[in-house]
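Remarks on the overall topology
Chain by chain, the residues:
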Amino acid sequence: MDDKRNINICVDDDFDRFGIPFATRNNKYYFDSGTGKVLRCTEDMYKLLLNIFKNKGKIVDVGLSRNKISDLILKLNKMVAEENIFKARKLDFFNCAHINNLKELVDQGCRQLILEVTENCNLRCKYCIYGEETENFRGFGARQMNFDVAKSAIDYFAEKSDKKQDLMMSFYGGEPLLNYKLIVMATEYAKKKLGSRVTFNLTSNLTLMNKKMAKFFADNSFRITCSLDGNEEIHNQNRVFKNEIGSYEKTVGGLKLLYESYDKDKRKYIGTNSVISPPYNKEKFDSMDNFFNKLSFIDSDSPRSVSYEGRDIIANDSDLLPNVDLISANANTKFDLTSWEYEKIYEEHETVFSDMLDEGLKEIHNRRISDIPFVDSGLNACCIPGIQRLYVSTEGNFFACERIGNSPAIGDVRNGISFDRIKRYYVDDYSQMSKENCKKCWAIQLCNVCYARCFDSDGLDMKRKKILCEGCRTQMYKLLILYHTILEEQPDLLLKYNEDENYYERRKQDETN
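In this report, we go over the structure that sits alongside the text. (Residues numbered from 1 in each chain as written. Predicted model: local features only at pLDDT ≥ 70, side-chain atom pairs only at ≥ 80, totals over all residues. Heavy atoms only, no water.)

**Regarding the packing of aromatic side chains**
Convention followed: Each aromatic pair joins two rings of Phe, Tyr and Trp (for Trp, the six-membered one) with centres within 6.5 Å, and gets the label stacked for planes under 30 degrees apart, edge-to-face for over 60, and tilted for any other angle. We count a stretch as a helix when DSSP gives it H or I for four or more residues in a row; a strand needs E for two or more, and each element gets its number in order from the N terminus.
By the definition in use, this model includes 26 aromatic pairs. Between phenylalanine 147 and tyrosine 189, the ring centres sit 6.0 Å apart and the planes meet at 85°, which makes this aromatic pair edge-to-face. On the criterion of sequence distance, the pair formed by phenylalanine 147 in helix 5 (residues 147-160) and tyrosine 189 in helix 6 (residues 180-194) is long-range, its members being 42 residues apart. Relative to phenylalanine 455, the ring of tyrosine 430 has its centre 6.4 Å away and its plane inclined at 5°; by these criteria the two rings are stacked.

Structure representation (structure tokens):
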């Protein structure tokens with residue numbers, strides 16, 4: 001039965017956009033998407049909010065007495081009036097730099113040049129995005145970038161780069177060391193063109209590393225990320241050579257050579273990236289954590305990143321999960337890295353392993369908060385193509401990102417950036433096709449979905465993007481719970497995310513009133 005008493009909230013088919021209730025083991029909360037506020041609520045208010053979201057703004061058989069419901073409605077109406085919650089504007093258009101200042105920003109130039117120096121790799125990692133199971137990436141090939149292409153890309157980068165910014169030049173594969181000669185030539189040329197403004201980085205499995213290479217990278221202060229999944233057993237489950245033999249011994253050997261070649265004050269430039277694959281369990285995460293903590297040839301303050309295996313997205317055309325179903329689904333979620341970190345915080349009061357999780361907590365901590373509903377919304381978490389980074393294929397074509405997969409090119413080394421293609425595929429088409437889902441979503445101000453993995457060679461694939469959207473919503477819901485668990489129990493762990501010295505106290509006061 002519908003409750004007819006007046007709630008000062010509009011009844012709306014897109015009601016889920018207003019926010020989402022969530023609970024830690026200690027308290028109940030409501031996150032309001034229109035203002036970014038998080039308000040603590042009683043058990044009964046939480047129950048009422050779940051009912052309202054389930055019924056799109058109405059109260060239906062909430063299971064509380066009429067007097068209790070009346071009292072809760074009075075309190076909720078007061079919160080709506082005083083806090084301006086449940087007033088998120090329905091998205092009519094995106095209001096951001098992509099829309100308002102695209103040409104001006106593209107003309108300012110790029111900050112990072114990424115050269116795909118080879119399509120080939122000497123390993124056949126079982127979860128690799130370029131493997132046979134992943135359809136929307138190019139696959140392993142024999143093409144290698146030549147110096148003419150690299151030189152043209154560097155010339156363009158030097159001409160068009162942001163003159164006020166430090167610059168980064170990255171070497172990408174495949175396995176970049178298969179084209180080591182080009183890396184050397186391109187590095188020396190970039191130093192002549194850009195001087196001390198440019199730094200270099202490389203991601204490699206390091207199985208081909210030798211003393212000569214290690215000295216070159218050390219002499220040029222390369223930031224190097226080693227692909228290392230954990231101990232020998234864990235690493236060799238997936239990172240294998242073409243003959244199925246594990247690569248652990250070769251990788252660790254290359255890592256040791258680098259460590260020995262770098263001066264002590266620069267060893268922090270050597271980091272690791274681990275890809276986690278099933279089974280996801282406490283024993284595996286504990287083993288990985290113990291392994292890296294005891295690794296003698298990696299500094300304790302070296303970058304250590306973690307990601308999940310990148311299998312192809314199985315696209316479908318389903319709608320986004322309603323908020324109450326998302327809450328219910330995550331009540332019985334499978335064990336994953338977040339679950340493990342969650343236990344670590346409870347048991348040992350520390351975050352330990354996942355930069356992926358660390359970035360998410362920082363996003364929650366530093367989210368926008370307003371007394372009145374936001375009037376603008378960014379284009380999800382998309383960078384402006386050709387500004388943050390410019391990815392150059394072996395053949396000299398420009399793409400928005402190395403993680404995007406098959407996608408429309410945005411220019412080439414001969415003709416430069418194509419503003420028209422950026423605007424068509426990555427702004428106009430993306431915003432128009434995304435708007436229908438974004439206007440229904442409570443996580444629009446927290447969104448971490450970008451161009452990566454939701455395009456094909458023809459443009460945006462909304463079926464793929466919906467899968468990424470659902471993953472983002474689930475992740476942000478879990479992060480809200482985890483962040484507020486830390487805020488309740490170990491708030492000092494959040495101090496590192498502060499943007500100013502008074503930020504933390506204001507946030508804690510806002511969220512406990």
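**So, the sheet that holds strand 14 (residues 411-412)**
Note the following rule: A pair of strands is labelled paired if DSSP reports no fewer than 2 bridges between them. Whether two residues are in contact is decided by their heavy atoms: any pair within 4.5 Å suffices. Here, axes are lines fitted to C-alpha atoms. For helices the fit covers the stretch in contact, and angles between N-to-C directions go from 0 to 180 degrees.
Ordered by their spatial adjacency, 10 strands build an open sheet running 11-10-9-8-7-6-12-13-14-15, and the pairing between neighbours is mixed. The two strands at the open ends of the sheet, each matched to only one other strand, are strand 11 (304-308) and strand 15 (416-417). Strands in contact with helix 5 are strand 6 (112-116), strand 7 (167-172), strand 12 (390-392), strand 13 (397-399) and strand 15; relative to strand 6, the strand with the most contacts, it is inclined by about 170°.

**Let's talk about the packing of helix 7 (residues 211-219) against helix 9 (residues 248-261)**
Just so we agree on the cut-off: Put simply, angles under 35 degrees are roughly parallel, angles over 145 are roughly antiparallel, angles from 65 to 115 are roughly perpendicular, and the rest are oblique. Definitions for this section: a left-handed crossing has its near helix turned counterclockwise from the far helix by less than a right angle. A right-handed crossing has that turn clockwise. Three classes are used, and their members are as follows: Ala, Val, Leu, Ile, Met, Phe, Trp, Tyr, Cys and Pro are nonpolar, Asp, Glu, Lys and Arg are charged, and the others, Gly among them, are polar.
Interaxial distance between helix 7 and helix 9 falls to 9 Å at its minimum, and their mutual angle equals 45°. With respect to their mutual orientation, helix 7 and helix 9 come out oblique. Classified by chirality, the crossing of helix 9 by helix 7 is right-handed. Contact residues: helix 7 offers Lys211, Ala214, Lys215, Phe217 and Ala218, while helix 9 offers Leu257, Leu258 and Ser261. For the contact of helix 7 with helix 9, the per-class residue count stands at 5 nonpolar, 1 polar and 2 charged.

**Some details on the pairing of strand 6**
Let me state the cut-off plainly: Throughout, exposure labels follow a simple rule: accessible area from a 1.4 Å probe, protein chains only, divided by the maximum for the residue type, with under 20% read as buried, over 50% as exposed, and the rest as partly exposed.
Counting buried positions along strand 6 yields 5 of 5 residues, so the element is predominantly enclosed. Because side chains alternate across strand 6, one face comprises the buried residues Gln112, Ile114 and Glu116, and the other comprises Leu113 and Leu115, equally buried. Pairing of strand 6 with strand 7 involves 5 bridges; the strand directions are parallel. For leucine 113, the partnering residue across the bridge sits in strand 7 and is methionine 169.

**A look at the pattern of salt bridges**
Proximity of charged atoms lets side chains of opposite charge pair with each other. So the rule is basically this: The term salt bridge refers to a side-chain nitrogen of Lys or Arg lying within 4 Å of a carboxyl oxygen of Asp or Glu.
Enumeration over the complete set of coordinates arrives at 24 salt bridges. The residue lysine 37 makes a salt bridge to glutamate 83 at a minimum N-O spacing of 2.9 Å. With lysine 37 in the loop between strand 3 (28-32) and strand 4 (38-41) and glutamate 83 in helix 2 (residues 66-83), this residue pair connects regions lying 46 residues apart in the sequence. Residue class for lysine 37 comes out buried when judged on its relative accessible area of 10%. Between glutamate 436 and lysine 440 there is a salt bridge, and its shortest N-O distance comes to 3.9 Å. Judged by relative accessible area, glutamate 436 falls into the partly exposed class, the value being 43%. Ionic contacts of the salt-bridge type, sharing partners, join the residues Lys37, Glu83 and Asp371 into one network.

**A look at empty space enclosed by the protein**
Gaps between atoms show up when a probe of the same size as a water molecule is rolled over them. Convention followed: Cavities and pockets were defined on a 1 Å grid built over protein atoms only: a cavity is a set of grid points that admits a 1.4 Å probe from which the probe cannot escape, a pocket is an open set flanked by protein on both sides within 12 Å along at least five of seven lines, and lining residues are those with an atom within 4 Å of any such point. Grid points are joined across faces, edges and corners, and a volume is the space filled by probe spheres set on the points.
All chains considered together, the criterion is met by 3 cavities of 30 Å³ or more. The calculated volume of the largest cavity comes to roughly 110 Å³. Forming the boundary of the largest cavity are 13 residues, of which Asn380, Cys438, Cys441, Cys447 and Cys469 lie nearest the centre. Broken down by secondary-structure element, the contributors of at least two residues to the lining of the largest cavity are helix 14 (419-438) and helix 15 (462-489). At 4 residues, helix 15 tops the list of elements feeding residues into the lining of the largest cavity. Residues of the lining of the largest cavity, tallied by class, amount to 9 nonpolar, 2 polar and 2 charged. Within this model, the second largest cavity holds a volume of roughly 40 Å³. Lining of the second largest cavity is provided by Asp229, Ile234, Gln237, Asn238, Val275, Ile276, Ser277, Lys284 and Met288. Split by residue class, the lining of the second largest cavity holds 4 nonpolar, 3 polar and 2 charged.

**Details of the nonpolar core**
Which entries qualify depends on this criterion: In this text, buried Ala, Val, Leu, Ile, Met, Phe, Trp, Tyr and Cys residues form a nonpolar core when linked through side-chain atoms within 4.5 Å.
Counting residues in hydrophobic clusters, the biggest one holds 133 residues, and the most contacted among them are Phe86, Leu115, Met169, Phe171, Phe217, Phe222 and Trp442. Of the residues forming this core, the biggest block, 11 residues, is contributed by helix 15. In contact with phenylalanine 86, other than residues within four places in its own chain, are Ile9, Phe15, Phe18, Tyr30, Asp32, Leu49, Phe53, Leu76 and Val80.

**What to know about helix 1 (residues 43-54)**
Put simply, the test is: Any helix carries an expected span of 1.5 Å times its number of residues minus one.
When the terminal C-alpha atoms of helix 1 are compared, their 17 Å separation across 12 residues agrees well with the 16 Å that a helix rising 1.5 Å per residue should span. Along helix 1, the positions that sit buried rather than exposed are Met45, Tyr46, Leu48, Leu49, Asn51, Ile52 and Phe53. Note on helix 1: the residue one or two positions beyond its end, lysine 56, has a positive phi of about 55°.

**Regarding the pairing of strand 9 (residues 223-227)**
We count it as follows: Crossovers are marked right-handed if the path from the first strand over the helix to the second runs clockwise, as seen with the strands pointing away from the viewer.
Bridge analysis of strand 8 (residues 198-204) against strand 9 gives 4 bridges, and the strand direction is parallel. Following the sheet pairing, threonine 203 is matched in strand 9 by threonine 225. Assessed by its sense of winding, the connection that carries the chain from strand 8 through helix 7 to strand 9 is right-handed. Relative to strand 10 (residues 270-276), strand 9 runs parallel, the two being bridged by 4 bridges.

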